[in-house]
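Notes for the structure review
Listed below are the residues making up each chain.
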Amino acid sequence: MKKTVTYKLLTILALLMFSGGLCWAISITETGNWSETVDSSDLAAGAGSDLISTYESASNAVVIDISNTAGNWALDVKKLDTTWHNNLHLYIKRTSDGSGPGTISGGATYQELTDADLSFFSGSNDRSNINIQLKLTGVTITVPPNVYNTTVYYTVYDQ
Amino acid sequence: MKVLVRILLILSLFVGLTSVAIATTDTAQSTVTITFSEISELAVSGNPATLTIVAPATAGALPADQSDATTTMAWTSNVEAGQTRKITGSLATLFDGIDLYATITATSGTGTSAGEVKFTIAATAYDFVTAIGNCNTSNETITFRANVTSMVAPYTSTAKVVTWTLTEDAV
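Residues numbered from 1 in each chain as written. Chains lettered and ligands numbered in written order. Predicted model: local features only at pLDDT ≥ 70, side-chain atom pairs only at ≥ 80, totals over all residues.

Tallying secondary structure elements over chain B gives 1 helix and 10 strands in all. For chain B, the succession of helices and strands along the chain, N to C, is α-β-β-β-β-β-β-β-β-β-β. Looking at chain B residue by residue over its 171 residues, the buried ones come to 21%. Long-range contacts, defined here as pairs at least 24 residues apart, represent 75% of the contacts in chain B between residues at least 6 apart. (Helix = DSSP H or I, 4+ residues; strand = E, 2+ residues; numbered from the N terminus. Buried ≥ 20, exposed ≤ 12 C-beta atoms within 10 Å, placed from the backbone. Contact = placed C-beta atoms within 7 Å.)

When helices and strands are counted, chain A shows 1 helix and 11 strands. Written out in order from the N terminus, the α and β elements of chain A read α-β-β-β-β-β-β-β-β-β-β-β. A buried classification covers 24% of the 159 residues belonging to chain A. Within chain A, contacts between residues separated by at least 24 positions form 79% of all contacts whose residues are at least 6 apart in sequence.

Bringing the environment of A:Asn149 into the picture now. Relative to the helices and strands, A:Asn149 is located in strand β11 (residues 146–158). Taking the C-alpha atoms as reference, A:Asn149 lies 9.6 Å from A:His85; in sequence the two are 64 residues apart.

This brings us to the confidence of the model for chain A. Considering every residue of chain A, the mean pLDDT works out to 90; 85% of them sit at 70 or more. Segment residues 15–22 of chain A is flagged for pLDDT under 50; beyond a separation of four residues in sequence, or across chains, it makes 11 contacts in the model. (pLDDT = per-residue confidence, 0-100.)

Residues and elements named next belong to chain B. When strand β3 (residues 66–78) meets strand β9 (residues 135–148), the two strands line up antiparallel, connected through 9 bridges. Note that in β9 the partner of Ser77 across the bridge is Cys135. Bridging between strand β5 (residues 98–104) and β9 involves 7 bridges; their strand directions are antiparallel. When the bridges of β9 are listed, Ile104 appears paired with Ile142. (Pairing = 2+ DSSP bridges.)

Below, the discussion takes up unusual backbone geometry. All names here are of chain A. For Asn68, which is not a glycine, the phi torsion comes out positive at approximately 55 degrees. Looking at the secondary structure, you find Asn68 in the loop between β4 (62–67) and β5 (72–83). Phi angles above zero are rare outside glycine, and Asn125 is one such case at about 60 degrees. Structurally, Asn125 is set in the loop between β9 (118–124) and β10 (127–137).

What follows deals with the sheet that holds strand β7 (residues 117–118) of chain B. Residue and element names in this part refer to chain B. Spatially, the 5 strands line up as an open sheet ordered β2-β3-β9-β5-β7, and their pairing is antiparallel. The strands lining the two open edges of the sheet, one partner per strand, are β2 (39–44) and β7. In this sheet, β7 lies alongside β5 in antiparallel orientation, the contact comprising 2 bridges. Bridging from a neighbouring strand, Ala102 pairs with Val117 of β7.

As a further point, take the environment of A:Ile52. All names here are of chain A. Checked against the element boundaries, Ile52 lands in the loop between β2 (34–38) and β3 (55–56). Sequence separation between Ile52 and Val38 is 14 residues, and the spatial gap between their C-alpha atoms is 9.0 Å. Those residues in contact with Ile52 that sit more than four places away from it in its chain are Asp42, Ala44 and Val139.

A word on the sheet that holds β9(A). Pairing within the open sheet is mixed, and its 6 strands lie in the order β2(A)-β1(B)-β11(A)-β5(A)-β9(A)-β7(A). Every interior strand has two partners, whereas the edge strands, β2 and β7 (103–105) of chain A, have only one. Averaged over all pairs of adjacent strands, the angle between their axes in this sheet comes to 20 degrees, without regard to strand direction. The pairing of β5(A) with β9(A) spans 6 bridges and is classified as antiparallel. Across the sheet, A:Val77 pairs through a bridge with A:Leu118, a residue of β9(A). (Axes fitted to C-alpha atoms, helices over the stretch in contact; angles between N-to-C directions.)

Residue and element names in this part refer to chain B. This prediction gives chain B a mean pLDDT of 89; 87% of its residues lie at or above 70. A low-confidence stretch, residues 11–21 (pLDDT under 50), is modelled with 14 contacts involving residues beyond four sequence positions or located in other chains. Complex prediction metrics read pTM 0.83 and ipTM 0.86.

Turning to the pairing of strand β4 (residues 85–91) of chain B, a few remarks are in order. Residue and element names in this part refer to chain B. Summarising burial for β4: 6 of the 7 residues are buried, a large majority. Judged from the 4 bridges that link them, β4 and strand β8 (residues 126–132) form a sheet pairing that is antiparallel. From the neighbouring strand, Ile87 faces β8, where its bridge partner is Val129. Here β4 pairs with strand β10 (residues 162–168) via 7 bridges, running antiparallel. From the neighbouring strand, Ile87 faces β10, where its bridge partner is Leu166.

Right, dumping it as structure tokens:
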């Protein structure tokens, strides 16, 4: 009898240990990437003209869900280039509030992404289906043909 | 057993407190891929005016050269590093008794003009602008010059076709 109680107690304590970590771990999930092809159809006025300089993704190119929150949180964003060109500039903005019990604010205007974290938007409690849009500027014919890649990192943290 | 329970209790408190005390973070990522395709676009503004050979002012001389510079060329090009393009021209068939020459200007940074080039052999490509990199330009003047080389019976020529091509240059 005493042994059974002890095991039950041990089980509860073990659950407490793990639940302490699991319940408070804020989580972000992301869906979607952006691919754009620049070719001769993007010339501003045919042969002799330069390329259109600015391109935008769909307004929901990336969708973010934030869950397991414990109150207020904030989200930072940055990009790390694999292959990139100095002429090219990448911007990001939030195009929807998403849904959920919490709140959300900031990030509704384009900000340029760099390799350093910048404050994107913040909120409270869980939010899902937050739409993200990207914009590329600086496209010219002087950018050599290539496939340019960068990775955008979204980091959410408790406040 | 009591010791084990105490250890677990302390650990659970520690883990719990850690969770509360340290703000957790999580990271997701998306990729952005921009594909820049090679672009090679060339256009001309139209056909030059008819070149009419007239009788020479001086008996015994050949008729004077006739030229036209009313048409222009435009091109947009990008190539991989280490490569360039060129513009070639070829005349489908030659004129009787007349040599045809052409010149294409090239604004600085948009290629190197070869100057005046003669269409010596029919249906043969000659280089008119070389060293074209990543650039775009328009309103580059095309000048045609007809040079009479020998007297032939008067004729009204049917149109001769000059084909301009923007193509890869030899590395």
